[in-house]
Amino acid sequence: MTKNVKMKKDMQAYWQSLPELQAALMEKIAADPWRLTYHQMPATGWLNDPNGAVQFKGTYHLYHQYVPETPNGGATHWGHKTSQDMVHFKEEDIFLSPDQLFDEDGVYSGSAFVHDDKIHFFYTGNVKHEGDHDYTYSGREQNTIHVVSADGFTVESREVVIAHADYPAGYTDHIRDPKVFEHEGVYYMILGARTRDNLGHILLYRSDDLYDWSYQGVFLAGNEEQGFMWECPDYFELDDSQVVLFSPQGLLPTTYNYHNPHTVGYLTGAINWDEYAFEPETDFVELDHGFDFYAPQTFEDESGRRILWAWMGIGDTEPEYGNPTVARGWQHAMALPRQLTLENGRLKQRPLPEYQSLRQHTQTHRLCEIEESTLKGEIYELLVEFDETPRSFELTLRQDSKLSYQDGLLTLKHGESGFGRRKRMIPLTDLSQLQIFSDTSSLEIFVNDGEFVMTSRVYPSPDQQMIHVTGDAQGQISYWDLKI
Ligand code: FRU
C-alpha cells in the first residue's frame, strides 16, 4: 500500500462505461419472468452477501456485495437499499466502490455498528497482487477498513484499521468479514479466518475507541471436520444466551446435513472473558436445509428484534447446480428477512410479520376438501396447519418441485426446474405446520413455526401454476396471493 502506486482499474473510465453496460443488462432483465418480486435484488448484475445491516434513526439500511456490470461477480461494491417497513425497499446509490489501493479488488463483506449518532462500518478491503500466486497462501491482502458515516449515505472517513501485514502468524491470506459488538464499554471485533493448515478460525480484536484495534487471540477454532475456512462470523446475545453464527466452507456431508458446498450454522455457549474465547455448550446446528442460503448477518432493530438477512445463493455450486438468470443479466437475491428467537436452546427463524401486508385473496380449505383445481399460483404464501403429524403428505409447489412427508422424513425434490438442484431432506418426528413463500423463482419453506427452513431457487415455467395436495393428512390449508 505504498503511495503513488496506480490503481489497477481506471475508475473514471469504469463509471463512464457503467450506464451503457447496465442499460444492456436491463433490457434482458425487463423481459425476464424469473425476476423476483418481493425479494431484494439490485437493478442489474451480481449480488452476494448482505452487509452493514442496520436500523438507523428509523430507516432500515441494507448494503450488499454487488457487481453492477455483470451477473458473474468480480470486484464487489457495496450496493445499498433503504426501507421504512422492511418490505418495500428503495435502491440507493452505490455506497462503497473498490476505488482505493487498500480495496481495489473488492469492497468485501462487513457490518455496521451504531455509536454516538454515527454508523461505523467495518469491511474487508480485498487486494490481489499481480504475479504467480494462488491467492490463498500468497498474493492477497485482506485489510480491515473502518468507515464512518453520519447518515448511511455519505462517507466521512474511510481508513485501514488493521493492515493485512499485521494479522497474526499461522494464517493464509483469508482473514475477513469483520463484525463488531460491545461488552462493558469495550468494543470487540471478530474476523473469519483460514489457518495455513486449512482450519476455520474466528479471531478476536478489541478497541476502546473503534479506531485502534489490538489482537486478543482465537475466539473460536474449528477442527478438521468443521471446514477449511469460516466466513462471515456473527456474535449476538439473545434471550440471555450467547450465539456465534458463521459460514463454514467445505463441511463434509452427513446423511441429512451439509449437502451444499458451504453451509451456515451456529453454536450457543458463553464467552470466557479471561481467555477471550467462546466456549460452546452445544454442537453446531445447520441453519437452513435448502440449496441456496449463505453468508447471513444479523442486526438488532430499534424495536429490539434480532433480524437475519442472508444471501439466497452460495458460491461453488457449479457444475452441480446453477442459475439460468445469468443469461438474462442478473444473478442472486436476498432471502426474506427472518426474525430470530431462541427457544429451548435452539434458534427459531420466522418470516417477519410485516410480510403479511402483502397477502391478498385469502382462501382457506380443509386439507381433505382440496381438489386439484382449487389452488393455483406463482407468487404466493401457503400456510398448512396439521391437526396431527400426517401419515403421508405431498405438495406440488411449482411445476416439478415437490415437498413431501413420509416415514419421518420431510423431502424437498426438484425436477428440471431446479437446474441441477435435486433433493434435500430433514428427519422430523413431528410435523405440525408449514409456511411456504413462493416468488417467481424462489421457495422458502418454514417448518413447524420456524424450527427448520429450506430455501431454494427454482426456475419453473411461469405458466406452471398448479398446487397439488395429496396424502393422508388432516388439517387446514390457507393460501394468499402476495403482491408488492
Ligand atoms: C462470502 C464471501 C465473504 C467475502 C465476500 C466477497 O460469500 O466470500 O467471505 O467477504 O463473500 O464477496
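Remember, predicted model here, so these are calculated numbers, not experimental data. (Residues numbered from 1 in each chain as written. Predicted model: local features only at pLDDT ≥ 70, side-chain atom pairs only at ≥ 80, totals over all residues. Heavy atoms only, no water.)

1. Quick notes on the overall build of the chain
Helix and strand counts for the chain come out as one helix and 33 strands. Relative to the compact-globule value of 23 Å for 484 residues, the chain shows a C-alpha radius of gyration of 22 Å, a close match. Looking at the chain alone, contacts between residues at least 24 apart form 59% of all its contacts between residues at least 6 apart. For the chain, the accessible area works out to roughly 19300 Å², and carbon and sulfur atoms hold 45% of it. (Helix = DSSP H or I, 4+ residues; strand = E, 2+ residues; numbered from the N terminus. Rg over C-alpha atoms; globule rule 2.2 N^0.38 Å. Contact = heavy atoms within 4.5 Å. Areas by Shrake-Rupley, 256 points an atom, 1.4 Å probe, with all protein chains shown as cover.)

2. Points about a negative patch on the surface
On the surface, a cluster of negative charge is contributed by D274, E275, E279 and E281. One can find E281 in the loop between β16 (277–280) and β17 (285–286). (Patch = residues over 30% accessible without salt bridge, like charges linked within 9 Å, V, L, I, M, F, W, Y side chains within 5 Å. Salt bridge = Lys/Arg side-chain N within 4 Å of Asp/Glu carboxyl O. Lys, Arg positive; Asp, Glu negative; His and termini not counted. Charge placed at Lys NZ, Arg CZ, Asp CG, Glu CD.)

3. Describing the domain arrangement of the chain
Domain annotation of the chain identifies domain 1 (3–345) and domain 2 (352–482). Counting residues at the interface gives 37 residues for domain 1 and 39 residues for domain 2. In total, about 3300 Å² of surface goes out of reach between domain 1 and domain 2, with carbon and sulfur atoms giving 59% of it. On inspection of domain 1 and its partner domain 2, the count reaches two salt bridges. Here D292 makes a salt bridge to R421, at a shortest N to O gap of 2.8 Å. Our count for the contact surface shared by domain 1 and domain 2 stands at 26 residue pairs in polar contact (both at pLDDT 80 or more). In the side of domain 1 that touches domain 2, the residues fall into 19 nonpolar, eleven polar and seven charged. (Domains from an automatic or database assignment. Buried area = accessible area lost by both parts, 1.4 Å probe. Polar contact = N/O pair within 3.5 Å; in protein donor to acceptor, adjacent residues only side chain to side chain. Nonpolar A, V, L, I, M, F, W, Y, C, P; charged D, E, K, R; others polar.)

4. Observations regarding the environment of H61
Inspection of the secondary structure puts H61 in strand β2 (residues 59–67). Taking the relative accessible area as the measure of exposure, H61 reaches 2% and is therefore buried. Residues H61 and Q339, spaced 278 residues apart in sequence, show a C-alpha to C-alpha distance of 16 Å. The contacts of H61, once residues within four sequence positions are left out, are G52, A53, V54, F56, H80, K81, T82, D151, G152 and F153. A polar contact of 3.4 Å, which involves the side chain of H61, links it to the side chain of Y63. For H61, the side chain forms a polar contact with the side chain of H80, separated by 2.9 Å. (Buried < 20%, exposed > 50% of the residue type's maximum accessible area, 1.4 Å probe, protein only.)

5. Comments concerning the nonpolar core
A general feature of soluble globular proteins is that nonpolar side chains tend to end up buried together. Formed by 74 residues in total, the largest nonpolar core has its most connected members in L382, F393, L403 and L434. Top contributing element to this core by residue count: strand β19 (residues 306–311), with five residues. Two domains each put at least three residues into this core: domain 1 (3–345) and domain 2 (352–482). When neighbours within four sequence positions are excluded, F393 is seen to be in contact with L367, V384, F386, L403, S404, Y405, L434, V469, T470, G471 and A473. (Core = buried A, V, L, I, M, F, W, Y, C linked by side-chain atoms within 4.5 Å.)

6. Considerations on the layout of surface pockets
By volume, the largest pocket is sized at about 730 Å³. As for the largest pocket, its lining consists of 34 residues, and the residues nearest its centre are W46, N48, E231, W311 and G315. Elements represented by at least two residues in the lining of the largest pocket include exactly β1 (45–56), β5 (107–115), β7 (140–149), β9 (171–183), β13 (229–238) and β18 (294–300). Its residues assigned to classes, the lining of the largest pocket comprises ten nonpolar, 17 polar and seven charged. (1 Å grid on protein atoms, 1.4 Å probe; cavity = no way out; pocket = protein on both sides within 12 Å on 5 of 7 lines; lining within 4 Å. Points joined across faces, edges and corners; volume = space filled by probe spheres on them.)

7. So, helix α1 (residues 11–30)
Over its 20 residues, α1 runs 28 Å from end to end, which matches the ideal 28 Å to within 8%, given 1.5 Å per residue. Where α1 bends most, at S17, the angle is about 35°, and the proline P19 comes one to four residues later. Where α1 is concerned, the buried positions are M11, Y14, L18, Q22, L25 and I29. Here the buried face of α1 lies against β1, β2, β3 (77–83) and β20 (330–331). (Expected span 1.5 Å × (residues − 1). Bend = angle between axes of the 7 residues up to and from the residue.)

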